[in-house]
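Tertiary structure, described
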Amino acid sequence: MNSTSFSLPAAPVAKLEQRRPLARPSSTNLKANDLVIVIVAIFAIVTAAWAMTGGWNQLSNGWSHAWRAAASLTGLYTSLFGMVGLTLSARLKTMERAIGLDRLLIWHRIAGDTMGLLLAVHIFTAIPAEMPVRGGFINTVLDFTGREPYMALTAIGSALVAVVVVLSLKDIRNKVSYETWYFVHLTVYFGLAASFSHQITLGSMLSNDRYVRLVWVGSSVAIFATALFGRWWKVFGSVARPLHVRAVNKETDDTVSVLLGGRNVLRLRGDAGQFVMIRSLVRGQWWKTNPYSLSAVPTTAGLRVTIKDRGDASSATRHLRVGDRVAVEGPYGVTTPEIFGDKRPLFIAGGVGVTPVCALLQRLPSDSRPTVLLRARHENEVAHLAEIRALAARCGGEVFVLSGRTAALKGKDPFSAKSLSRAVPELSSRVALVCGPTALMFAARKGLREAGVSKDDIHMEMPWW
Amino acid sequence: MSSDNSSPMSRFALARRLAPALALTSAGMALINVLDRPADLSASGSAGVADVGGSADSGAGQMVTGATVPAPTTTTFTATTVVTSTVPPVNGAPSATTPAPAPAACGAKKSTGSTTDIVDRNRVFGTLVVTAKFASNGELCGVAVNFDVWDRKSVQIEQYALPKLNARAKKAKSANIQAVSGATAVSRAYAASLQAAIDAKPL
């Protein structure tokens, strides 16, 4: 319209200190159900292929054949669950946006456990299936551990997979340090790759039909490569383009807030309510990562995380000093402000779980009237309390701090349906976000469900470790 | 910065945590090397299974067995009615050589069938060729098979199935025999080759 617009000066390069919010994470139409449907469909196709290449007939054709059919079906399923587990842990962007890293890793665990179970069934059906032609149990076992080509690889590969599965059982997993478990966990790549070859040489369905073989090998290699590349490329990128610690503030006796900024922050997309995986690139710490919630809306000035010193795991953060390099993966998570829609928000947080609340409050509209319930041993121990009070007041909300030791509550459950509905007006028509220690999250979820809050309106980062 | 947080305790923290994974991996690799002793894949050279009928054929280079199912893998054939036998196919252990009386009637006439591929869908496992023996009245009375397969599992299947097929052929006195379950491809090839041998029966 204005013919003199040529005289406008060139747009100035945005300065970091101008603090505009980072781009929001991309949205996806993919739903958790869609993922389930795809996985079920893949299993259905493989089962159909197995049945059509004789598996079904073999089942009802004498013991020896039935064992063989069962062994091939469980073998195929074992491999599929391995691939599904691998894909889930690759943190593919679309899948992460759809169900969140926490649920991806929980599904990953379920896939892994199932794989371990099926692996056992596969081994103990394959041995009786082959015993008649190989002359007894001993000979079969010897064949399967080395005399048959590729079976030494397979035996050791599945042993590694079994070790990884067993070590990931919760009780055993908690007995070793996180990193010990993690490094052992990584050997599963070797285990899966090593046990692949016998599928082609011994799996009759795959060795007999060239086209089935082509599709199977092709998709396995593709999935393996995607998982490996997708997972480790992100790690590599986060280390190659680190953020820097720009400020460290002591919030309470045992929490600090850390602002991570720098040029590379502009490459990230994120929103309030998400979390990041942090790896501080200092000597003795670079091989550890820890998840931390963003405690402020991420801006061009940087990401603020608030960290509680819980001993070994987060003690590293005490050493974080201004200027240190920090590799950041993420932000991940789906509890962004969109979850509230038009409904009134309810936040229930315990301990250092206040961090996402603090960030989300910044993004709520001024008429949203949120209610914030904070649980802590003492009011002094709540990080960002003044900030939360101010933010809540800005959008017409209220903040309650429930302090004191659990024993001092004299058996009254603060998160029972009764106490919740007394404390929170319009409870059943709210959307709740729960964050904090595991026990608190499950207690609060139970109370909310009993008070009539629908399942879809309760959000939390599920504990995946 | 970095030097002051590496106390003596934490100096080996990474090594300590990495050790189990590295130990597992290297133990795995070593075990694979120790265990991986596949039987010679090109265990070709024709390995024969023959003469269920106990013929007196002193044909060269054939392994002769009784109708019993052989003990697989550690294959020394139980040679009940043997005239000569050569080195067994798979692992080269010598087998017993036992002379046996020769029923004169069988083997007056012989005919060799076609060399037939053992094929299942798209995959060829090897070949076999059947030599049929006929009594003087022209009746099928014995069968000898030479096979040449390319992998260990097929060798085992052959050793398991061919004696059974021989027995069935001798009983049926024709190529119209029931397949051995688990060895469909072998049975099919066997029947085809035997039929060719019968068709080519010398007058």
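Thresholds applied
Residues numbered from 1 in each chain as written. Chains lettered and ligands numbered in written order. Predicted model: local features only at pLDDT ≥ 70, side-chain atom pairs only at ≥ 80, totals over all residues. Helix = DSSP H or I, 4+ residues; strand = E, 2+ residues; numbered from the N terminus. Contact = placed C-beta atoms within 7 Å. Pairing = 2+ DSSP bridges. Axes fitted to C-alpha atoms, helices over the stretch in contact; angles between N-to-C directions. Domains from an automatic or database assignment. pLDDT = per-residue confidence, 0-100. Right-handed = clockwise from strand over helix to strand, strands pointing away. Expected span 1.5 Å × (residues − 1). Buried ≥ 20, exposed ≤ 12 C-beta atoms within 10 Å, placed from the backbone. Parallel < 35°, antiparallel > 145°, perpendicular 65-115°, else oblique. Left-handed = near helix turned anticlockwise from the far one by under 90°. Core = buried A, V, L, I, M, F, W, Y, C linked by C-beta atoms within 7 Å. Nonpolar A, V, L, I, M, F, W, Y, C, P; charged D, E, K, R; others polar.

1. What about the overall build of chain B?
When helices and strands are counted, chain B shows four helices and five strands. Ordered by position from the N terminus, the helices and strands of chain B form the series α-α-β-β-β-β-β-α-α. Here the analysis covers contacts within chain B between residues at least 6 apart in sequence; of these, 56% occur between residues at least 24 apart.

2. Side note on the sheet that holds strand 5 (residues 303-308) of chain A
All names here are of chain A. One open sheet accounts for six strands, arranged 4-3-6-1-2-5; its pairing is antiparallel. Pairing within the sheet leaves two strands with one partner each, and these edge strands are strand 4 (290-293) and strand 5. With direction set aside, neighbouring strand axes in the sheet form an average angle of 40°.

3. Here we look at the domain arrangement of chain A
What the domain assignment reports for chain A is domain 1 (32-231), domain 2 (241-332) and domain 3 (337-460). Domain 1 of chain A and domain 2 of chain A are separated by 37 Å when their C-alpha centres are compared.

4. Structural notes on the confidence of the model for chain B
Parts of the prediction with low pLDDT should not have their coordinates interpreted in detail. Residues and elements named next belong to chain B. Here chain B shows a mean pLDDT of 67. Residues at 70 or above account for 61%. Put simply, strand 1 (residues 47-50) is where chain B has its lowest mean pLDDT, 40, and helix 4 (residues 184-199) is where it has its highest, 90. Predicted confidence for residues 1-9 stays below pLDDT 50, and this span has ten contacts to residues more than four positions away or in other chains. Note on residues 40-102: pLDDT under 50 across the span, and 140 contacts to partners over four residues away in sequence or across chains.

5. Quick look at the pairing of strand 9 (residues 398-403) of chain A
All names here are of chain A. Where strand 8 (residues 371-376) lies against strand 9, six bridges are found, and the strand directions are parallel. Within strand 9, the residue paired with L374 across the bridge is V401. In this fold, the crossover linking strand 8 to strand 9 by way of helix 14 (residues 385-394) has right-handed handedness.

6. Thoughts on the sheet that holds strand 7 (residues 344-350) of chain A
Residues and elements named next belong to chain A. The strand order 9-8-7-10-11 describes an open sheet built from five strands, whose pairing is parallel. Only two strands of the sheet have a single partner each, and these edge strands are strand 9 and strand 11 (458-460). Direction aside, the axes of adjacent strands within the sheet are offset by 15° on average. Here strand 7 pairs with strand 8 via five bridges, running parallel. Note on strand 8: the bridge partner recorded for L346 is T371. Packing against the sheet, helix 14 makes contact with strand 8 and strand 9, and its axis sits at approximately 145° to strand 9.

7. A short note on helix 4 (residues 136-147) of chain A
When the terminal C-alpha atoms of helix 4 of chain A are compared, their 14 Å separation across twelve residues is substantially less than the 16 Å that a helix rising 1.5 Å per residue should span. Those residues of helix 4 of chain A that fall on the buried side of the exposure criterion are A:T140, A:D143, A:F144, A:G146 and A:R147. Packed against the buried residues of helix 4 of chain A are helix 3 (93-134) and helix 5 (151-167) of chain A together with helix 2 (13-35) of chain B.

8. Some thoughts on the packing of helix 1 (residues 32-59) of chain A against helix 2 (residues 63-88) of chain A
Residue and element names in this part refer to chain A. Look at helix 1 against helix 2: their axes get within 10 Å of each other, and the N-to-C directions meet at 165°. Between helix 1 and helix 2, the angle is such that the two are roughly antiparallel. The two elements helix 1 and helix 2 meet at a crossing, and its hand is right-handed. Across the interface between the two elements, I39, I42, F43, V46, W50, G55, Q58 and L59 from helix 1 touch H65, A66, R68, A69, S72, L73, L76, L80 and V84 from helix 2.

9. With respect to the nonpolar core
Grouped burial of nonpolar side chains is what soluble globular proteins tend to show. Residues A:L260, A:V305, A:V354, A:V357 and A:I388 are the most contacted members of the largest nonpolar core, which totals 118 residues. For this core, the element with the most residues is helix 2 of chain A, which contributes 13 residues. Those residues in contact with A:I388, other than ones at most four positions away along the chain, are A:V354, A:V357, A:C358, A:L361, A:V372 and A:V399. Listed in part, the 33 residues of the second largest apolar core include B:C141, B:Y160, B:I177 and B:A191.

10. Brief notes about the environment of A:G157
All names here are of chain A. Mapped onto the elements of the fold, G157 is located in helix 5. Residues G157 and F196 lie 39 residues apart in sequence; the distance between their C-alpha atoms is 8.6 Å. Ignoring any residue separated from it by four or fewer positions in sequence, one finds G157 in contact with G191, L192, A194 and S195.

11. Looking at the packing of helix 3 of chain A against helix 4 of chain A
Residue and element names in this part refer to chain A. One way to put it is that helix 3 packs onto helix 4 with a least axis distance of 8 Å and a crossing angle of 105°. Of the possible angle classes, the one that applies to helix 3 and helix 4 is roughly perpendicular. Contacts from I127, E130, M131 and R134 in helix 3 reach G136, F137, N139, T140, V141 and D143 in helix 4. Residues that form the contact of helix 3 with helix 4 fall into these classes: four nonpolar, three polar and three charged.

12. Remarks on the environment of B:A169
All names here are of chain B. One can find A169 in helix 3 (residues 152-172). Looking at A169, the number of C-beta atoms within 10 Å reads 26, which means it is buried. Through-space distance from the C-alpha of A169 to that of S114 is 16 Å; in sequence the pair is 55 residues apart.

13. Observations concerning unusual backbone geometry
Apart from glycine, the bulk of residues carry a negative phi angle, and the bulk of peptide bonds sit in the trans form. Residues and elements named next belong to chain A. Positive phi is not limited to glycine here, since R369 has a value of about 45°. Relative to the elements of secondary structure, R369 occurs in the loop between helix 13 (354-362) and strand 8. Using a count of 17 C-beta atoms within 10 Å as the deciding quantity, one classes R369 as partly exposed.

14. Some thoughts on the pairing of strand 2 (residues 255-261) of chain A
All names here are of chain A. Taken across its seven residues, strand 2 has six buried, putting it largely inside the fold. As paired strands, strand 1 (residues 243-250) and strand 2 are joined by six bridges and run antiparallel to one another. For N249, the partnering residue across the bridge sits in strand 2 and is S257. As consecutive antiparallel partners, strand 1 and strand 2 are separated by four residues. By the bridge criterion, six bridges tie strand 2 to strand 5 in an arrangement that is antiparallel. Bridge pairing in strand 5 places L259 opposite R304.

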